[in-house]
Amino acid sequence: KAGVTQTPRYLIKTRGQQVTLSCSPISGHRSVSWYQQTPGQGLQFLFEYFSETQRNKGNFPGRFSGRQFSNSRSEMNVSTLELGDSALYLCASSLAVSNEKLFFGSGTQLSVL
Amino acid sequence: EDQVTQSPEALRLQEGESSSLNCSYTVSGLRGLFWYRQDPGKGPEFLFTLYSAGEEKEKERLKATLTKKESFLHITAPKPEDSATYLCAVQGAYGQNFVFGPGTRLSVLP
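Quick look at the structure, then. On a predicted model such as this, the values are computed, not experimentally measured, just so you know. Throughout this document, residue positions are counted from 1 along each chain, in the order its sequence is written. Working convention: letters from A go to chains and numbers from 1 go to ligands, in the order in which they are written. With the structure being a predicted model, the display of local features is reserved for residues of pLDDT at least 70 and the display and counting of side-chain atom pairs for 80 or more, all residues being used for whole-chain, interface and lining totals. Excluding hydrogens and water, the side-chain values take into account all heavy atoms of the structure.

**Some points on the overall build of chain A**
Numbered from the N terminus, helices here are DSSP runs of H or I no shorter than four residues, and strands are runs of E no shorter than two. Counting secondary structure elements, chain A contains 0 helices and 11 strands. Over its C-alpha atoms chain A spans a radius of gyration of 13 Å, differing by no more than 12% from the 13 Å that the globule rule assigns to 113 residues. Along the first, second and third principal axes, the C-alpha set of chain A runs to 35 × 25 × 25 Å. Burial analysis of chain A (113 residues in total) assigns 50% to the buried set. By definition, residues are in contact when any of their heavy atoms lie within 4.5 Å. Taking as baseline every contact in chain A between residues at least 6 positions apart, the subset at least 24 positions apart corresponds to 55%. To get the radius of gyration, use the C-alpha atoms; to get the globule rule, take the number of residues to the power 0.38 and multiply by 2.2 Å. When a residue's accessible area, from a 1.4 Å probe over protein chains only, is under 20% of the maximum for its type it is buried; when over 50% it is exposed; and in between it is partly exposed.

So, in C-alpha cells, the structure goes:
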C-alpha cells in the first residue's frame, strides 16, 4: 500500500511569490491535514479537510489556504510569501476527521529567500 | 489553551543505557495522547496512543505510560537505530486538532 506522497520535495521561492504544495493520501483515507514544522515552533496545525470541506483550522493568516479534491488529494497554497514561511510542510492522512492515527508524508521543504 | 512540553530537549545515550523521555500536557479533556518518531528528512511515524491514566503500551524496546499530567516514553537497552526525534501530541475531548510538543532528539551511540 503506497504511503502519503507529497510533491515537490524541495522548493525555493522569493518573498512576495506564491506557492502550491500537493499531497496524495493513502488510498481509502478521506481526511488530509497540513502541518508546518520549524525548529523554533515545532509542528503546528494548519487545517484539515474531509470530503472536500475544511473541518478544522489552525491559527495561521489567510495567506495560507487549502483545498481537497473528490479523489481526496489535497493542495495547500501560500500567497505573498514571507521569509518566516520557510519551513517543512507536512501532510498527514487518516481514515476520518480528527482520527487518532495520522500517516505523514515526507514533507515539502520550502525556502523563502 | 492546550499545551505540550517535552524534556529533555536532547538526550545522548550509550547503546544499552536505558532512559525515559517526558511529555507534560495541559488539555481540556483528554481524548488521547500520542507518541510519534521522526527520522531526519522524513515525516513523523506513529508509535502509540494512550487514552487514560494508568494505561501502558509497549513496542519492542519502547514502553509508553500515562498519568493525568504527563506521559513517559521508556527506552530499554536502546540501539543506534533508535536514534530519532520523539514527538508527543494530545487531542482534546472534543476531537479538535492535535497539539504537538517540541520533541526530544535522541542519539544512541554504539
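**Here we look at unusual backbone geometry**
What you tend to see is this: most non-glycine residues have negative phi, and most peptide bonds are trans. Between Thr-7 of chain A and the following residue, Pro-8 of chain A, the backbone shows a cis peptide bond with an omega angle of -10°. Considering the arrangement of structural elements, one finds Pro-8 of chain A in the loop between strand S1 (5-7) and strand S2 (10-13). Pro-8 of chain B follows Ser-7 of chain B through a cis peptide bond whose omega is -10°. Along the chain, Pro-8 of chain B falls in the loop between strand S1 (3-7) and strand S2 (10-14).

**Digging into the sheet that holds strand S8 (residues 70-75) of chain B**
Residues and elements named next belong to chain B. At least two bridges found by DSSP between two strands are what make those strands a pair. Overall, antiparallel pairing links the 5 strands, which are arranged S1-S3-S8-S7-S6 in an open sheet. Every other strand in the sheet has two partners, leaving S1 and strand S6 (56-59) as the edge strands with one partner each. Going from strand to strand, the sheet's axes swing by 15° on average, the running direction of each strand aside. The pairing of S1 with strand S3 (residues 19-26) spans 5 bridges and is classified as antiparallel. Here, axes are lines fitted to C-alpha atoms. For helices the fit covers the stretch in contact, and angles between N-to-C directions go from 0 to 180 degrees.

**Here's the deal with the interface of chain B and chain A**
With 18 residues of chain B in contact, the opposing surface of chain A contributes 16 residues. Two parts placed together each lose some accessible area under a 1.4 Å probe, and adding up what both lose gives the buried area. Carbon and sulfur atoms make up 53% of the surface buried where chain B meets chain A, a total of about 1,400 Å² over both sides. Interface area lost by chain B to chain A is led by Asn-97, Phe-98 and Phe-100 of chain B, which between them contribute 32%. Throughout this description, the term salt bridge denotes a Lys or Arg side-chain nitrogen within 4 Å of a carboxyl oxygen of Asp or Glu. Applying the counting criterion to the chain B and chain A interface returns 0 salt bridges. Polar contacts here mean pairs of N or O atoms no more than 3.5 Å apart (in protein, one a potential hydrogen donor and the other a potential acceptor; neighbouring residues in sequence count only if both atoms are side-chain atoms). Where chain B packs against chain A, one counts 4 residue pairs in polar contact (both at pLDDT 80 or more). At 4 residues, the largest contribution of residues to the side of chain B that touches chain A is made by strand S4 (residues 30-38) of chain B. Only Asp, Glu, Lys and Arg are considered charged, only Ala, Val, Leu, Ile, Met, Phe, Trp, Tyr, Cys and Pro nonpolar, and every remaining residue, Gly among them, polar. Across the side of chain B that touches chain A, the residue classes tally to 8 nonpolar, 8 polar and 2 charged.

**What to know about the packing of aromatic side chains**
Remark: the centre distance and the inter-plane angle together describe each pair of aromatic rings, the angle taken between the planes. Ring pairs shown here join Phe, Tyr and Trp side chains whose ring centres sit within 6.5 Å, with only the six-membered ring taken for Trp; geometry is labelled stacked below 30 degrees between planes, edge-to-face above 60, and tilted in between. Overall, the coordinates contain 10 aromatic pairs over all chains when judged by the stated rule. Geometrically, the ring pair formed by Tyr-35 of chain A and Phe-100 of chain B is edge-to-face, given 5.6 Å between the ring centres and 85° between the ring planes. On the criterion of chain membership, the pair formed by Tyr-35 of chain A in strand S4 (residues 31-38) and Phe-100 of chain B in strand S10 (residues 99-100) is interchain, its members lying in two chains. The buried category is assigned to Tyr-35 of chain A, whose relative accessible area is 0%. Judged by relative accessible area, which is 8%, Phe-100 of chain B ranks as buried. Members of the aromatic cluster, connected to one another through ring pairs, are Tyr-35, Phe-45 and Phe-104 of chain A together with Tyr-36, Phe-46 and Phe-100 of chain B. Placement of a charge over a ring requires the Lys NZ or Arg CZ to be within 6 Å of the ring centre, with the centre-to-atom vector within 35 degrees of the ring normal. Seen from the ring of Tyr-10 of chain A, Arg-9 of chain A lies directly overhead, with NZ or CZ sitting 5.3 Å from the centre.

**Looking at the pattern of salt bridges**
This model, assessed by the stated rule, comprises 8 salt bridges over all chains. Notably, a salt bridge pairs Glu-75 of chain A with Arg-73 of chain A, separated by 3.4 Å at the nearest N-O pair. Given a relative accessible area of 24%, Arg-73 of chain A falls into the partly exposed group. As a salt-bridge pair, Lys-63 of chain B and Glu-56 of chain B come within 3.4 Å of each other at their nearest N and O atoms. Note on Lys-63 of chain B: relative accessible area 28%, which makes it partly exposed. In this structure, a network of salt bridges that share partners links the residues Arg-63, Glu-82 and Asp-85 of chain A.

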